[in-house]
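# Results of the structural survey
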Amino acid sequence: TYVTNIKEYADFVILSSTNVPATITPDFLQQSTTNQVVMLMKMRTDKSRAALTSVTLSRTGTSTDNDITAVRIWPDRKGTGLFDLEVDSPPLGSGVFGVPASGLARITLDTTTYSTDLNDLTTGPLKIDTAARNWNTYFITYDIALLATPQKTIGVEVTSATNVSVSAPNIV
């Protein structure tokens, strides 16, 4: 016989993020454009794997919630740090600013397409791994509204560790 269900080990999940260079997303975004990369985010654990369960992002800049019609998280499937819509599709999840509150977007992750079963040893974008195996890299994209207010600035940030949820007993 063998053990079919291993209890999860308590890990610290480390998150780092960077602005996206102008070579990926231009300095100026146009109204009615989709999948504009605004942040690159990386996650890893210190000991064993953890499952990513939700993310709440904060809008920064002078724009309003209505200037951005969708927020998405995508996996970096190639591991290059360069967003490729064909390769990195489908997104892990999406949301809109204003839910759960003004300036916030709760991203609902697709656990039907992407497994969070850590007893399944296959890798996947919602299974955060150790640095020895791999950093999980994600892109945050915006869809810019048709009538987005010109001359406004936009950005995104994770304002608190409590805005990133992972499987228990792990901690961000």
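Just above, that's the structure.
Here goes a summary of the coordinates provided. (Residues numbered from 1 in each chain as written. Predicted model: local features only at pLDDT ≥ 70, side-chain atom pairs only at ≥ 80, totals over all residues. Heavy atoms only, no water.)

A separate point is the overall build of the protein chain. If you tally the helices and strands in the protein chain, you get one helix and ten strands. Mapped in sequence order, the helices and strands of the protein chain form the string β-β-β-β-α-β-β-β-β-β-β. Against the compact-globule benchmark of 16 Å for 172 residues, the protein chain has a radius of gyration of 17 Å, which places it among compact chains. By its C-alpha atoms, the protein chain is 65 × 30 × 25 Å across when sized along the principal axes. Counting the 172 residues in the protein chain, one finds 41% classified as buried. Long-range pairs, those at least 24 residues apart, make up 73% of the contacts in the protein chain with a sequence separation of at least 6. Carbon and sulfur atoms make up 53% of the accessible area of the protein chain, which totals about 9,400 Å². Computed over 13 positive and 16 negative side-chain charges, the inter-centroid distance for the protein chain is 4 Å. (Helix = DSSP H or I, 4+ residues; strand = E, 2+ residues; numbered from the N terminus. Rg over C-alpha atoms; globule rule 2.2 N^0.38 Å. Buried < 20%, exposed > 50% of the residue type's maximum accessible area, 1.4 Å probe, protein only. Contact = heavy atoms within 4.5 Å. Areas by Shrake-Rupley, 256 points an atom, 1.4 Å probe, with all protein chains shown as cover. Lys, Arg positive; Asp, Glu negative; His and termini not counted. Charge placed at Lys NZ, Arg CZ, Asp CG, Glu CD.)

A few words now on the pairing of strand 6 (residues 104-109). Alternating positions in strand 6 separate cleanly, Ala 105, Ile 107 and Leu 109 being buried on one face and Leu 104, Arg 106 and Thr 108 remaining unburied on the opposite face. The pairing of strand 3 (residues 50-60) with strand 6 spans five bridges and is antiparallel. Bridged to Ser 54 within strand 6 is Thr 108. Sheet topology places strand 5 (residues 93-95) next to strand 6; two bridges connect them, and they run antiparallel. Residue pairing across strands places Ser 94 opposite Thr 108, the latter belonging to strand 6. (Pairing = 2+ DSSP bridges.)

Note on placement: Thr 113 falls in the loop between strand 6 and strand 7 (127-128). Along the chain, Thr 113 and Leu 92 lie 21 residues apart, while their C-alpha atoms are 8.4 Å from each other. At 2.6 Å, the side chain of Thr 113 and the side chain of Asp 110 are in polar contact. (Polar contact = N/O pair within 3.5 Å; in protein donor to acceptor, adjacent residues only side chain to side chain.)

Next up on the list: the packing of aromatic side chains. Under the criterion given, the structure shown has three aromatic pairs. Ring centres of Trp 74 and Phe 83 lie 5.2 Å apart, and the angle between their planes is 70°; this geometry places the pair in the edge-to-face category. Summarising the aromatic geometry, the rings of Phe 97 and Tyr 142 are spaced 5.6 Å apart at their centres and angled 85° between planes, so their arrangement reads as edge-to-face. Of this pair, Phe 97 sits in the loop between strand 5 and strand 6 while Tyr 142 sits in strand 8 (residues 136-144); the two residues are 45 residues apart in sequence, bridging distant segments of the chain. (Phe/Tyr/Trp six-rings, centres within 6.5 Å; stacked < 30°, edge-to-face > 60°.)

This next bit is on the pattern of salt bridges. A side chain with one charge may pair with a side chain of the opposite charge, provided their charged atoms come close. In the structure shown here, the tally under the stated rule is three salt bridges. A salt bridge links Asp 65 to Arg 59; its shortest N-O distance comes to 2.8 Å. Linking Asp 84 and Lys 78 is a salt bridge whose minimum nitrogen-to-oxygen distance equals 3.5 Å. Look at Lys 78 and you get exposed, because its relative accessible area is 52%. (Salt bridge = Lys/Arg side-chain N within 4 Å of Asp/Glu carboxyl O.)

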